[in-house]
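# What the coordinates show
Here are the chains, one letter per residue:
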Amino acid sequence: MSVIDQLKRLYPSITINKLGFDNHIEYKWFQTEHAEIVGIKKDELDQHSSELLSIFLKPLSSEESTMTEREKHWSSLLYKNEEIPEMVWPASYRFVLFSIEDVETEKDIVKEALQSLFPQEMPLLWTSDRDGIIIEEITSNNQEVMEFEGMADVLSSDFYTDIHFFISEFTSKPEDASKILKWTQHGAGIAKEHKLGSIITYKDIIPYLYIDALPQEEWEHILRAIFKDIEKDKELLQTIRIFLESGSNTSLAAKKLYMHRNSLQYRVDKFIEKTGLDIKQFEGAVITYLALLHMEY
């Protein structure tokens with residue numbers, strides 16, 4: 001007699017993958033060693049019997065029991081390093097981490113909204129009540145890559161709460177998936193710590209890797225040696241940052257700052273004179289920009 005047959009004698013309500021996995025109000029779901037999904041009505045279970053069943057059956061959370069086969073395969077690869085032989089891997093893929101501020105927002109609604117962004121259904125794995133991972137799979141040469149610009153604002157207005165995305169690089173190797181996910185989660189943590197914005201990519205956090213790696217005593221020496229005369233001149237520092245973020249284009253920076261081009265040029269020259277860093281040259285610009293990011297943080 002099989003395990004299922006024995007369970008049927010004890011729990012008349014038992015069902016095997018028939019009612020769908022969204023019925024978590026009435027049923028508690030388990031998985032057998034043969035990957036069968038079984039549900040038992042909660043009113044037939046007490047705490048003791050649930051604990052006994054958990055010895056030889058794997059209890060399934062609502063997220064696990066509603067996973068698609070592809071999501072299960074990705075979960076096995078990412079968290080157990082188990083490749084599924086029969087799984088057809090995409091030509092390339094990337095991870096899109098998302099985080100919503102309001103934990104009261106229903107997961108089904110969030111998932112439906114996020115899936116609607118893509119031309120086809122993408123695997124989505126929840127990592128907490130408000131955080132998850134979308135695996136953007138590229139399966140053909142003519143498939144368009146998702147552009148997230150402006151999406152965070154649209155979704156935030158729909159959910160009435162803020163939503164943040166962190167986007168990894170594309171890769172084609174399944175064996176790199178776990179390593180890249182860890183790097184992506186680390187990058188998302190840096191983006192959150194520095195409050196970088198609602199849509200951040202792996203490229204955006206690279207300067208902050210250098211900043212975070214700089215010991216505090218080294219930074220204090222840089223501040224004392226180079227920026228001591230302008231440290232408190234917030235207006236000048238802001239001007240120089242906008243100038244550098246505008247590609248050292250004086251006309252563009254002046255337009256962003258609503259000031260005359262000659263006034264901007266005067267401030268740039270003042271900065272060079274005070275610090276000895278020629279920000280019109282690449283080396284001086286890089287040093288200054290990293291320092292300004294650190295000062296702001």
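So, here's what we can say about the structure. Just so we're clear, the structure is a prediction, and the values are computed from it rather than from any experiment. Each chain carries its own residue numbering, running from 1 in the written order of its sequence. At least 70 in pLDDT is required for a residue's local features to be given in this predicted model, at least 80 for side-chain atom pairs to be given and counted, and no such filter applies to totals for whole chains, interfaces and linings, which use all residues. Computation of side-chain values: all heavy atoms of the structure, hydrogens and water removed.

The criterion for an aromatic pair is that two Phe, Tyr or Trp rings (for Trp, the six-membered ring) have centres within 6.5 Å, with stacked assigned to planes under 30 degrees apart, edge-to-face to planes over 60 apart and tilted to the rest. Evaluation of the coordinates by the stated rule reveals 8 aromatic pairs. Relative to Y93, the ring of W74 has its centre 5.0 Å away and its plane inclined at 65°; by these criteria the two rings are edge-to-face. Highlighted residues: W74 in helix α4 (residues 69-80) and Y93 in strand β5 (residues 92-100), separated in sequence by 19 residues. With respect to burial, W74 and Y93 carry one shared label: buried. Where F98 meets W126, the ring centres are 5.3 Å apart and the plane angle is 85°; that geometry is what we call edge-to-face. Placement of the pair is F98 in strand β5 and W126 in strand β6 (residues 124-126), with a sequence separation of 28 residues. Like F98, the residue W126 is buried in the burial classification. A run of H or I in DSSP counts as a helix once it spans at least four residues, and a run of E counts as a strand once it spans at least two, with each numbered from the N terminus. Categorising residues by exposure relies on relative accessible area from a 1.4 Å probe, with only protein chains included: less than 20% of the type maximum marks a residue as buried, more than 50% marks it as exposed, and the intermediate range marks it as partly exposed.

Following DSSP output, two strands are said to pair if at least two bridges run between them. The strand order across the open sheet built from 4 strands is β1-β3-β2-β4, with neighbouring strands paired in antiparallel fashion. The open sheet terminates on both sides in strands that have one partner only, identified here as β1 (15-16) and β4 (58-59). Pairing of strand β2 (residues 27-31) with β4, which is carried by 2 bridges, proceeds in the antiparallel orientation. By the bridge assignment for β4, Q31 is matched with K58.

Glancing now at the nonpolar core. Counting 24 residues, the largest nonpolar core has W74, L78, F95, I135 and A177 as its most contacted members. Counting residues per element, the ones that place at least two in this core are α4, β5, β7 (131-138), α7 (177-193) and α8 (206-213). By residue number, the principal contributor to this core is α7, which donates 5 residues. Excluding its chain neighbours within four sequence positions, the residues that come into contact with A177 are W74, L77, L78, Y93 and F95. For the purposes of this section, nonpolar cores are sets of buried Ala, Val, Leu, Ile, Met, Phe, Trp, Tyr and Cys residues that join through side-chain atoms within 4.5 Å. Ranked by size, the runner-up nonpolar core spans 21 residues in total, among them L223, I230, I242 and F243. Throughout, a contact is declared for two residues whenever any of their heavy atoms are within 4.5 Å.

Angular values range over 0 to 180 degrees, each being the angle between N-to-C directions of two axes fitted as lines to C-alpha atoms, with helices fitted over their stretch in contact. It is at 10 Å that the axes of helix α10 (residues 234-245) and helix α13 (residues 282-296) come closest, and there the two elements cross at 130°. On the basis of the axis angle, α10 is oblique to α13. Where α10 crosses over α13, the two elements pack in a sense that is left-handed. Contact with α10, carried on its side by L237, I240, R241, L244 and E245, involves A285, T288, Y289, L292, L293, M295 and E296 of α13 and no other residues of that element. Here the word oblique covers every angle except those under 35 degrees (roughly parallel), over 145 (roughly antiparallel) and from 65 to 115 (roughly perpendicular). Should the near helix be turned anticlockwise from the far one by less than a right angle, the crossing is left-handed, and should it be turned clockwise, the crossing is right-handed.

Quick look at the environment of S156 now. With respect to the element layout, S156 can be found in helix α6 (residues 151-159). Distance in space between the C-alpha atoms of S156 and S246 is 28 Å, their sequence separation being 90 residues. Non-local contacts of S156, meaning those with residues more than four positions away in its chain, are made with T161, D162 and I163.

Once that is clear, we can look at the sheet that holds strand β8 (residues 163-167). On the basis of which strands lie adjacent, the open sheet formed by 5 strands has the order β6-β7-β5-β8-β9 and mixed pairing. Among the strands making up the open sheet, the edge pair consists of β6 and β9 (199-201). Each strand of the sheet is rotated relative to its neighbour by a mean of 20°, with strand direction disregarded. Looking at chain direction, β6 and β7 are connected through 3 bridges and run antiparallel. Counted as the bridge partner of L124 is I134 from β7. On the sheet, α7 packs against β5, β7, β8 and β9 and is oriented at approximately 35° with respect to β5.

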